[in-house]
Amino acid sequence: MKVLVVIASQHGATAEIGDAIVEELRAAGHESRRVAPGDVRDLEGIDAVVLGSAVYMTQWMESARNFVQRFRSELRDIPLWTFSCGLAGVPKGNVQDPRRVGPVLLSINPIDHEVFKGRLDLGGLSLRERTVARLGNAPEGDYREWDKIKEWAQEIGSQLSEQEKLQQ
């Protein structure tokens, strides 16, 4: 199956999660590639979509929200998985409540939505972003749980393989 992994990433951490998902989907035998939301012109020939976004101030990035708005009807008709990547609550072992991402997820009804911890490298941020991170006591470090990410992607790959068998 052809799977488009659409990733909205500000500083690369979410894009790296997208790359790991692509790798697992390819290992499961699916044709997969990662693209930025703004680079998608149409979904013709795409069998499934994995859509992920970094979360800032409880919101998906604007490019991800725009992608959903542009392709809402198509996304309702093909298998869709979504994920959010953020740091809020990391010291407690929790990540932002996906319901706070807003109505964007409710409008497309994904098969599954996962929330992954992110990475914060203050050195790669603008002065404004560093100030906001410090005011919010955001913990610097890489909190991504690669085993959890890969396991989720493998489950998507398995579900797509089962769907492909049923279509034959």
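Please read all numbers here as calculations on a predicted model, not as lab measurements.

As for the side chain of His-113
Topologically, His-113 is positioned in strand 6 (residues 112-117). Looking at His-113, its side chain comes within polar contact range of the side chain of Thr-82, at 2.7 Å. There is a polar contact of 3.1 Å between the side chain of His-113 and the side chain of Ser-84.

Remarks on the confidence of the model for the protein chain
Do not read the fine detail of predicted coordinates wherever pLDDT is low. Looking at the protein chain, the pLDDT average stands at 87 and 90% of residues meet or exceed 70. Here residues 90-96 is modelled with pLDDT under 50, and outside its nearest four sequence neighbours on either side it reaches 16 contacts, counting other chains as well.

Quick word on the nonpolar core
Ranked by internal contacts, the top residues of the largest apolar core, which has 22 residues, are Leu-43, Val-49, Leu-51 and Leu-75. The element that contributes the greatest number of residues to this core is helix 2 (residues 62-77), accounting for 5 residues. Apart from residues lying up to four places away in sequence, Leu-75 is in contact with Leu-43, Val-49, Phe-67, Val-68, Leu-80 and Ile-108. Membership of the second largest hydrophobic core comes to 21 residues, among which are Val-3, Ala-20, Val-22 and Phe-83.

A few points about unusual backbone geometry
Both trends apply: most residues other than glycine have a negative phi, and most peptide bonds are in trans. Of note in the backbone geometry, Asn-109 takes a positive phi value of approximately 50 degrees without being a glycine. Under the relative-accessibility criterion, Asn-109 is labelled exposed at 65%.

Definitions and cut-offs
Residues numbered from 1 in each chain as written. Predicted model: local features only at pLDDT ≥ 70, side-chain atom pairs only at ≥ 80, totals over all residues. Heavy atoms only, no water. Helix = DSSP H or I, 4+ residues; strand = E, 2+ residues; numbered from the N terminus. Polar contact = N/O pair within 3.5 Å; in protein donor to acceptor, adjacent residues only side chain to side chain. pLDDT = per-residue confidence, 0-100. Contact = heavy atoms within 4.5 Å. Core = buried A, V, L, I, M, F, W, Y, C linked by side-chain atoms within 4.5 Å. Buried < 20%, exposed > 50% of the residue type's maximum accessible area, 1.4 Å probe, protein only.

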